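Letter by letter, the chains look like this.
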Amino acid sequence: MEFLTFDAETCTLCGRCVDACPFGALTMEKEGIVVGDGCRMCGLCVRQCPVQAIRFEQRANEVNKEDWKDFLVVAEQERGEIHPVTLELIGEALKMAPKVGFQVNCLIIGGEGTEENGKKLLEYGVSKVFAYENEALTYFRADNYTDVAADCIAATKPSAVLIGATELGRSLAPRLATRFHTGLTADCTRLDIKENTDMIQIRPAFGGNIMAQIAIAKSRPQFATVRYRVMDQATKVARPAGEVISCRVTEEMVSSRIEILSAQVVEKKKSLEEEDVIVVAGRGARAEAGVALCGRLAKALGGQLAFTRPMVEDGFGDTAHQIGLSGRTVRPRLIITCGVSGAIQFTSCMNHSDCIVAINQDPEAQIFKTAHYCIVDDLFAVVPRLTELIENRKED
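As the structure is a computational prediction, the values presented were derived from the model and not from experiment.

Explain the overall build of the protein chain to me, please; I cannot follow it from the model alone.
Of the regular secondary structure elements, the protein chain holds 11 helices and 21 strands. C-alpha extents for the protein chain along the principal axes are approximately 85 × 55 × 50 Å. With 396 residues in all, the protein chain has 47% of them scored as buried. Put simply, of all contacts in the protein chain between residues at least 6 apart along the chain, 65% involve residues at least 24 apart. Element-wise, carbon and sulfur atoms account for 47% of the exposed surface of the protein chain, whose accessible area totals about 20400 Å². Averaging the locations of the 45 positively and 54 negatively charged side chains of the protein chain gives two centres separated by 2 Å.

I'm lost on the environment of Asp318 in this one. Help?
By secondary structure assignment, the location of Asp318 is in the loop between helix H9 (309-313) and strand S19 (334-338). Taking C-alpha positions, Asp318 is 41 Å from Val46, a pair spaced 272 residues apart along the chain.

Would you mind going over the sheet that holds S19 with me for this structure?
Whether parallel or antiparallel, the strands of a sheet pair through hydrogen bonds between backbone atoms. With respect to topology, five strands assemble into an open sheet ordered S18-S17-S19-S20-S21, the strand pairing being parallel. Because the sheet does not close on itself, it has two edges, and the strands there are strand S18 (304-307) and strand S21 (373-375). With direction set aside, neighbouring strand axes in the sheet form an average angle of 20°. Pairing of strand S17 (residues 277-281) with S19 involves five bridges; the strand directions are parallel. When the bridges of S19 are listed, Val279 appears paired with Ile336.

Whenever I open this one, the pairing of strand S9 (residues 128-133) confuses me. Can you help?
Looking along a regular strand, one sees the side chains alternate between the two faces of the sheet. Looking at chain direction, strand S8 (residues 104-110) and S9 are connected through six bridges and run parallel. Among the inter-strand pairings, Leu107 is bridged to a residue of S9, identified as Phe130. You can see the chain leave S8, run along helix H4 (residues 114-122) and come back into S9, and the turn it takes is right-handed. Sheet analysis places S9 next to strand S16 (residues 243-246), joined by four bridges and oriented parallel. In the sheet register, Ala131 faces S16, and the bridge partner there is Ser246.

Honestly, the packing of helix H5 (residues 142-156) against helix H6 (residues 167-179) in this entry has me stumped. Any pointers?
The description of two packed helices rests on the angle between their axes and on the distance between the axes. Running from N to C, H5 and H6 point in directions that differ by 55°, and their axes come no closer than 10 Å. By the angle between their axes, H5 is oblique relative to H6. Of the two possible hands of crossing, H5 and H6 adopt the one that is right-handed. Contacts between H5 and H6 involve Ala142, Tyr145, Thr146, Asp147, Ala149, Ala150 and Ile153 from the first element and Leu168, Ser171, Leu172, Arg175, Leu176 and Arg179 from the second.

Please explain the nonpolar core as it appears in this structure.
Soluble globular proteins tend to bury their nonpolar side chains together. Counting residues in each nonpolar core, the largest one holds 31 residues, and the members touching the most others are Phe71, Ile90, Leu121, Leu162 and Leu191. Of all the elements in the fold, those that place two or more residues in this core are strand S5 (71-75), helix H3 (84-100), S8, H4, S9, strand S10 (160-164), strand S12 (190-193) and strand S15 (222-226). Sorting elements by how many residues they give to this core places H3 first, with seven residues. Once residues within four sequence positions are removed from consideration, Ile90 is found in contact with Val73, Cys106, Leu121, Tyr124, Val126 and Ala234. Judged by nonpolar contacts, the second largest core, of 27 residues, contains Trp68, Val148, Val161 and Leu168.

Where do I start with the state of the cysteines in this structure?
Chemically, a disulfide is nothing more than a covalent bond linking the sulfur atoms of two cysteines. Applying the stated criterion across every chain, the model contains zero disulfides. Cys17 takes part in no disulfide bond, and the closest cysteine sulfur, belonging to Cys14, lies 6.3 Å away. Of all cysteine sulfurs in the structure, the one in Cys294 sits closest to Cys338, which takes part in no disulfide; the separation is 3.9 Å. A relative accessible area of 0% means that Cys338 is categorised as buried.

Help me understand the UniProt feature "binding site: FAD" (unreviewed entry) in the protein chain in this model?
Here, the residues flagged by UniProt with the feature "binding site: FAD" (unreviewed entry) are Arg283, Thr308, Arg309, Gln322, Ile323, Gly324, Leu325, Ser326 and Asn360. These annotated residues cover 78 residues of sequence, and their C-alpha atoms reach 23.0 Å apart at the extreme, placing them across more than a single site. For Arg309, the position within the fold is in helix H9. Judged by relative accessible area, Arg309 falls into the partly exposed class, the value being 47%. With residues up to four places along the chain from it excluded, the contact list for Arg309 reads Gln322 and Ser326. Here Leu325 is to be found in the loop between H9 and S19. Exposure remark for Leu325: the relative accessible area of 27% places this residue in the partly exposed category.

Conventions and cut-offs
Here the residue numbering is sequential within each chain, running from 1 through the sequence in written order. Thresholds applied to this predicted model are a pLDDT of at least 70 for local features of residues and 80 or more for the giving and counting of side-chain atom pairs; totals over whole chains, interfaces and linings are not thresholded and use all residues. To get the side-chain values, take all heavy atoms of the structure and skip hydrogens and water. What counts as a helix is a DSSP run of H or I of at least four residues, what counts as a strand is a run of E of at least two, and both are numbered from the N terminus. Exposed residues in this analysis have more than 50% of their type's maximum accessible area, buried residues have under 20%, and partly exposed residues fall in between, with area computed by a 1.4 Å probe over protein chains only. What makes two residues a contact is simply this: any of their non-hydrogen atoms within 4.5 Å. Using the Shrake-Rupley algorithm and a 1.4 Å probe, accessible areas are obtained, with residue cover drawn only from the displayed protein chains. Positive residues here are Lys and Arg, negative ones are Asp and Glu, while His and the chain termini are left out of the count. Charge placement uses NZ in Lys and CZ in Arg. For Asp and Glu, CG and CD serve respectively. Two strands pair under a simple rule: DSSP has to find at least two bridges between them. Helix axes are fitted to C-alpha atoms over the stretch in contact, other axes to C-alpha atoms as well, and angles between N-to-C directions run from 0 to 180 degrees. Orienting the strands away from the viewer, one traces the path from the first strand over the helix to the second; a clockwise path indicates a right-handed crossover. Roughly parallel means an angle under 35 degrees; roughly antiparallel, over 145; roughly perpendicular, 65 to 115; everything else is oblique. Left-handed is the label given to a crossing in which the near helix is rotated counterclockwise from the far helix by less than a right angle, and right-handed is the label when the rotation is clockwise. Nonpolar core, defined: a set of buried Ala, Val, Leu, Ile, Met, Phe, Trp, Tyr and Cys residues in which side-chain atoms within 4.5 Å join the residues together. The disulfide criterion used throughout: a pair of cysteine sulfur atoms within 2.5 Å. UniProt positions are given in the numbering used here, feature names are shortened, and annotations may be inferred rather than shown by experiment.

Quick look at the structure:
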């Protein structure tokens, strides 16, 4: 392993680093200390060495890119069902694959029913689905899932690995990128690929003021996470031709340092990302009265009330209902913004909505550059009237 370097002249072979390693990755051999594949780069051995004979160098591995081919989509399951973000990742991978002659494969991990879900993925045009099914993998545990995913990646050598930017994905992706000593671009909004198989990963940067184009030029695989509801879902193909490959789950893969003491099914509520109608209260709503007006409009439309970051910081909402780079990305059929200025940090996370209606009394507000319908007026005059019309129409 290139990231750990031992100075043979300084090392006294005291063995403290071997004893300190929680993963059993270091062994004492005739030629000195040897680092195995189990190393997780935690740095404990570096801190325990009394003579500072170990140097920790975190750098990307350089590989022969021709040895790494195809896309691998990590298919996430939620309560036994395939998470919709998986279909979005497949759709995006299928757009890029013909440019470089790649196939699109999937990795699915879980308990009973995992292989059956893998068969459903074939309907969307993927070539292979690598299924790791085991009762011990029913619940997500970061160490187990990382070991399983790493086993698949090491065996198949994909050029790029796409993971949903969900709670599970945001825990899994950085662990895998660290395991393979390569790069990870989080929360991508667009993806493309060059002829040399370098994937162009586009995401907002510097507070959303620029759209950064990031490439991993020397190492493989290329890891990227993509937010839910940012990209189009794959469509079913007329004649699925792929196959599900049942992969062996070893005892080492399911051996975990995390113990699940109990599990409880929590009633699932419709998330903001899944909502078809959203009303957003921005800074122009000013206070409780303005937020209440927006909430009444959302209720009349049968949708959810959401907030901009300043409104959440002022205590009017929570991050689960915040739209923006530090909140959620949404793609509803209808979104009505009330008193929202339209900073790119906000608009980049809702600009793919089918219909955007903006209400703002400032005719120069940035939100009007994104909206399909612009209402230049005071929201305290427009929102009550709009709500009244909708409520009266429902009664009729």
